[in-house]
Amino acid sequence: MKRWLTLLVAALALTACAEQSQQSAPNTQLTVGAEQAELYLPQLAEKNVALVVNQTSRAHDQHLVDYLLAQDIHVTKVLAPEHGFRGDAGAGETIDDAIDPSTGLPILSIYGKTKKPSAEMLADIDTIIFDIQDVGARFYTYISTMHYVMEAAAEQGIEMLVLDRPNPNGAFVDGPVLEKQFQSFVGMHEIPLLHGMTVGELAQMIKGEGWINEAAELELTVVPVANYRRDMAYDLPVAPSPNLPNAQAIQLYPSLCLFEPTAVSIGRGTDFPFQVLGHHQVALGEFQFSPRSMPNSAPNPKLEGESLYGRDLRNSQIQGFDLKPLLQAYQAFKAAGQADDFFTSPDFMDKLSGTDKLRKAIIAGQSEAEIRASWQADLAQFKQQRQPYLLYPDSD
C-alpha cells in the first residue's frame with residue numbers, strides 16, 4: 001500500500017506538470033518542485049524528515065527548512081553536501097557537523113569522511129528530501145551526493161523525495177561519456193560530461209539503470225518543475241556555489257573546469273571565477289589579473305599573487321562544452337616549450353574527463369573535429385538510454 005501511494009503521488013505530479021505545460025502560454029512562469037507543496041506535503045504528514053539541502057533550496061522566498069517547519073512538517077536533521085548547508089565553504093573543504101543557529105536542527109556532514117549517510121544517521125528517518133540546484137555537468141558533485149543518499153535510502157528502506165529544479169545547461173548533451181575505470185566522486189555515472197538532464201531525471205535514471213545497491217527497493221518520488229522545457233534559459237536565483245557567482249560562470253563552467261588540473265588559472269581568487277583564464281609565464285592573451293586569497297571561496301588559489309595574462313571571458317558567447325579554449329591554451333604552452341608543464345595532475349584530468357582519451361588526444365595534437373568525432377557514438381547511445389527517464393520536452 002505504501003509503495004502504491006508513493007507511485008500515485010509521482011503519477012499525479014507528472015500529470016499536473018504535463019497539463020500545465022499543455023495549457024500554459026510560452027511565457028508562463030516555471031514553478032520549481034519545492035513550490036508545488038500540494039504534490040508532496042501530504043506524503044510528509046506524520047513523517048520524520050531529513051533534508052539534503054543548501055543555500056539554493058528555496059520555496060516561496062524562504063529556505064526549504066523554514067518553509068517545511070512552518071507547514072508543521074517534522075524535519076529532524078539536515079545533511080550537508082559540498083560547500084555546506086549555507087554554501088559558504090570553498091571547493092573541496094571538509095564540511096563539519098554543526099547545529100543550525102536559527103532552527104536548532106543538527107547539521108550532519110556528508111562531504112568529508114562521510115559521503116554516504118550511515119545507518120546511524122538515518123535511524124529515525126522515514127523520508128529524505130533532496131532539493132539542491134545543479135548546473136548540469138557530470139563533475140559538479142551534488143549529483144554524486146544524491147547518488148549516495150539514494151543508495152543509503154534504498155538500503156535502509158527510507159522513502160526518497162526529489163524536488164526538481166531546472167538545469168541551466170540543459171540544452172546540451174556533449175563531451176566524453178565516463179568510462180567505469182575512471183569513476184570517482186567527480187564522476188559517478190556513465191553519462192556524458194554534459195548530460196542535459198535535471199536532478200529529478202537523473203535520480204530516475206540512477207534507480208532505473210540499477211546504478212545503486214538495492215535500486216529496485218528504493219521508493220522514489222520526483223516532483224517535476226512545472227512549465228519547463230529543456231532548452232529554456234534559466235538564470236539561477238541563488239548562486240549554487242562560491243565560485244559560480246553568476247549566469248556567465250555557470251555557462252562557462254563545463255568548458256573551463258577542465259583547466260583545474262592544468263597550470264592555467266580560471267580566476268579562482270578573483271571577483272570573476274570561471275570567467276577568465278591566464279598564466280604568469282605563458283601569455284594566453286592580453287587581459288591581466290592577479291589571484292588573491294579569498295577565505296570563503298578560494299583560500300589558496302592557483303598562482304596566488306602572480307600577475308597573469310590571458311583572456312577575459314565575461315562577455316564570451318561560449319556555451320555547452322567548447323574545447324577551443326583548452327586546445328588553444330595547450331598549443332600556447334607547446335609553442336613556448338612548456339607542453340610538459342600543462343597538465344599538472346593527469347589523473348585528476350582523467351577523472352574530470354571520465355576518460356584518459358581526451359588528455360591523450362590533446363597531447364597527440366588531434367583537432368577539435370577529430371576529438372569530437374570520438375564520442376559521438378557514445379552520445380547517441382546515451383540519448384537512447386536516458387529516454388525513458390526524461391520528464392520535460394526539448395522545445396515548444
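Attention here is on the structure that accompanies the text. (Residues numbered from 1 in each chain as written. Predicted model: local features only at pLDDT ≥ 70, side-chain atom pairs only at ≥ 80, totals over all residues. Heavy atoms only, no water.)

1. Examining the overall build of the protein chain
And step 1. Assigned secondary structure in the protein chain consists of eleven helices and 14 strands.
And step 2. Relative to its 396 residues, the protein chain shows a buried fraction of 58%.
And step 3. Of the accessible surface of the protein chain, which amounts to about 16300 Å², a share of 47% is contributed by carbon and sulfur atoms. (Helix = DSSP H or I, 4+ residues; strand = E, 2+ residues; numbered from the N terminus. Buried < 20%, exposed > 50% of the residue type's maximum accessible area, 1.4 Å probe, protein only. Areas by Shrake-Rupley, 256 points an atom, 1.4 Å probe, with all protein chains shown as cover.)

2. So, helix H8 (residues 346-353)
And step 1. Along H8, the positions that sit buried rather than exposed are Met349, Asp350, Leu352 and Ser353. Each buried residue of H8 lies within a common arc of 160 degrees when the element is viewed along its axis, so the set occupies one face.
And step 2. Lining the buried residues of H8 we find strand S9 (174-177), helix H7 (324-335) and helix H9 (357-363).
And step 3. Backbone geometry just after H8 places Gly354 at a positive phi near 80 degrees. (Arc of directions from axis to C-beta. Contact = heavy atoms within 4.5 Å.)

3. Some remarks on the sheet that holds strand S13 (residues 287-289)
And step 1. Taking strand neighbours across the sheet as the criterion, the three strands line up as S12-S14-S13 in an open arrangement whose pairing is antiparallel. Both edges of this open sheet fall to strand S12 (276-279) and S13, since each of them pairs with a single strand only. Each adjacent strand pair in this sheet contributes to an overall mean axis angle of 40 degrees, direction not counted.
And step 2. Examined bridge by bridge, S13 and strand S14 (residues 308-312) share three bridges and lie antiparallel to one another. Among the inter-strand pairings, Phe287 is bridged to a residue of S14, identified as Gly310. (Pairing = 2+ DSSP bridges. Axes fitted to C-alpha atoms, helices over the stretch in contact; angles between N-to-C directions.)

4. Points about empty space enclosed by the protein
And step 1. For the structure shown, the criterion picks out one cavity of 30 Å³ or more.
And step 2. Considering the residues around the largest cavity, the lining is formed by Thr56, Gln133, Arg165, Tyr234, Leu236, Pro237 and Val238.
And step 3. Tallied by class, the residues present in the lining of the largest cavity amount to four nonpolar, two polar and one charged. (1 Å grid on protein atoms, 1.4 Å probe; cavity = no way out; pocket = protein on both sides within 12 Å on 5 of 7 lines; lining within 4 Å. Points joined across faces, edges and corners; volume = space filled by probe spheres on them. Nonpolar A, V, L, I, M, F, W, Y, C, P; charged D, E, K, R; others polar.)

5. Overview of the sheet that holds strand S7 (residues 127-131)
And step 1. Strand order in this open sheet of seven strands is S5-S6-S4-S1-S7-S8-S11, and the pairing throughout is mixed. Of all strands in the sheet, those with a lone pairing partner are strand S5 (98-99) and strand S11 (220-223), marking the two edges.
And step 2. Here strand S4 (residues 74-80) pairs with strand S6 (residues 106-109) via three bridges, running parallel. When the bridges of S6 are listed, Ala80 appears paired with Ser109.
And step 3. Lying over the sheet, helix H4 (residues 142-156) contacts strand S1 (48-53), S7, strand S8 (159-163) and S11, oriented at roughly 155 degrees with respect to S8.
And step 4. Helix H5 (residues 199-208) rests against S7, S8 and S11 of the sheet, and its axis sits at about 160 degrees to S11.

6. Section: the environment of Ala34
And step 1. Summarising the element assignment, Ala34 is placed in the loop between helix H1 (2-23) and helix H2 (41-44).
And step 2. A relative accessible area of 0% places Ala34 in the buried class.
And step 3. Here Ala34 is in contact with Tyr40, Arg58, Ala59, Leu64, Tyr67, Asp131, Leu163 and Arg165, once residues within four sequence places are set aside.

7. So, the packing of aromatic side chains
And step 1. All told, the structure shown has 15 aromatic pairs when counted by the stated rule.
And step 2. Seen from their ring centres, Tyr148 and Phe185 are 6.2 Å apart, and the 10 degrees between their planes marks the pair as stacked. Linking Tyr148 in helix H4 with Phe185 in the loop between S9 and strand S10 (192-194), this pair joins segments that are 37 residues apart in sequence.
And step 3. Overall, the relative accessible area of 22% leaves Tyr148 in the partly exposed class.
And step 4. Judged by relative accessible area, which is 15%, Phe185 ranks as buried.
And step 5. With a centroid separation of 6.4 Å and 80 degrees between ring planes, the pair formed by Phe272 and Phe289 is classed as edge-to-face. Of this pair, Phe272 sits in the loop between helix H6 (247-256) and S12 while Phe289 sits in strand S13, placing them 17 residues apart in sequence. Residue Phe272 shares its accessibility class with Phe289, and that shared class is buried. (Phe/Tyr/Trp six-rings, centres within 6.5 Å; stacked < 30°, edge-to-face > 60°.)

8. As for H6
And step 1. For H6, a buried count of eight out of ten residues is recorded, marking the element as mostly surrounded by other parts of the structure.
And step 2. Within H6, burial applies to Gln248, Ala249, Ile250, Leu252, Tyr253, Pro254, Ser255 and Leu256.
And step 3. Of the surrounding elements, those touching the buried residues of H6 are S10 and S12.
And step 4. Here H6 starts with a cap whose side-chain oxygen sits 3.3 Å from the backbone nitrogen of Gln248, and that cap is Asn246. (Polar contact = N/O pair within 3.5 Å; in protein donor to acceptor, adjacent residues only side chain to side chain.)

9. What to know about the pattern of salt bridges
And step 1. Per the stated rule, a full pass over the model turns up 17 salt bridges.
And step 2. Notably, a salt bridge pairs Asp356 with Lys360, separated by 3.1 Å at the nearest N-O pair.
And step 3. A relative accessible area of 18% means that Asp356 is categorised as buried.
And step 4. Through salt bridges that share partners, Asp174, Lys324, Glu368 and Arg372 make up one connected network. (Salt bridge = Lys/Arg side-chain N within 4 Å of Asp/Glu carboxyl O.)

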